[in-house]
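Analysis of the macromolecular model
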Amino acid sequence: MENLISTTYFVIGMKSGESAAVLQNKLADIEGVISVKIDSAKSHVQITSKEIFDIAILENAIVNTGY
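Residues numbered from 1 in each chain as written. Predicted model: local features only at pLDDT ≥ 70, side-chain atom pairs only at ≥ 80, totals over all residues. Heavy atoms only, no water.

The strands that make up a sheet are held in pairs by hydrogen bonds between backbone atoms, and each pair lies either parallel or antiparallel. Judged by pairing direction, the sheet is antiparallel, and its three strands sit side by side in the order 1-3-2 without closing on themselves. Looking at which strands have only one partner, the edges of the open sheet turn out to be strand 1 (5-10) and strand 2 (33-39). Strand after strand, the sheet turns through a mean of 20 degrees between neighbouring axes, direction not considered. Relative to strand 3 (residues 44-49), strand 1 runs antiparallel, the two sharing six bridges. Among the inter-strand pairings, Ile5 is bridged to a residue of strand 3, identified as Ser49. The strands touched by helix 1 (residues 17-28) are strand 2 and strand 3; relative to strand 2, the strand with the most contacts, the crossing angle is about 165 degrees. (Pairing = 2+ DSSP bridges. Helix = DSSP H or I, 4+ residues; strand = E, 2+ residues; numbered from the N terminus. Axes fitted to C-alpha atoms, helices over the stretch in contact; angles between N-to-C directions. Contact = heavy atoms within 4.5 Å.)

Packed helices, taken two at a time, are described by the angle between their axes plus the distance between the axes. Closest axis-to-axis distance for the helix 1/helix 2 (residues 55-63) pair is 9 Å, and the angle between their directions is 140 degrees. Put simply, helix 1 runs oblique to helix 2. As helix 1 packs across helix 2, the resulting crossing turns out to be right-handed. Across the interface between the two elements, Leu23, Lys26 and Leu27 of helix 1 pack against Leu58, Ala61 and Ile62 of helix 2. Its residues assigned to classes, the contact of helix 1 with helix 2 shows five nonpolar, no polar and one charged. (Parallel < 35°, antiparallel > 145°, perpendicular 65-115°, else oblique. Left-handed = near helix turned anticlockwise from the far one by under 90°. Nonpolar A, V, L, I, M, F, W, Y, C, P; charged D, E, K, R; others polar.)

Next up, the structure:
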């Protein structure tokens, strides 16, 4: 069984299901991401991966969505 890393981030600006879906798709496209779960009511994004990501990679993906 592999060791997976699950990290939750707080993202400001998710106000609708549509914006959360855009963000989820953008983050899921990052190489190494296994799953992305978004709770837009709490502005939480949970990313599960096999390795720890450089926060700059995640920030870049988020900034490019407009959040």
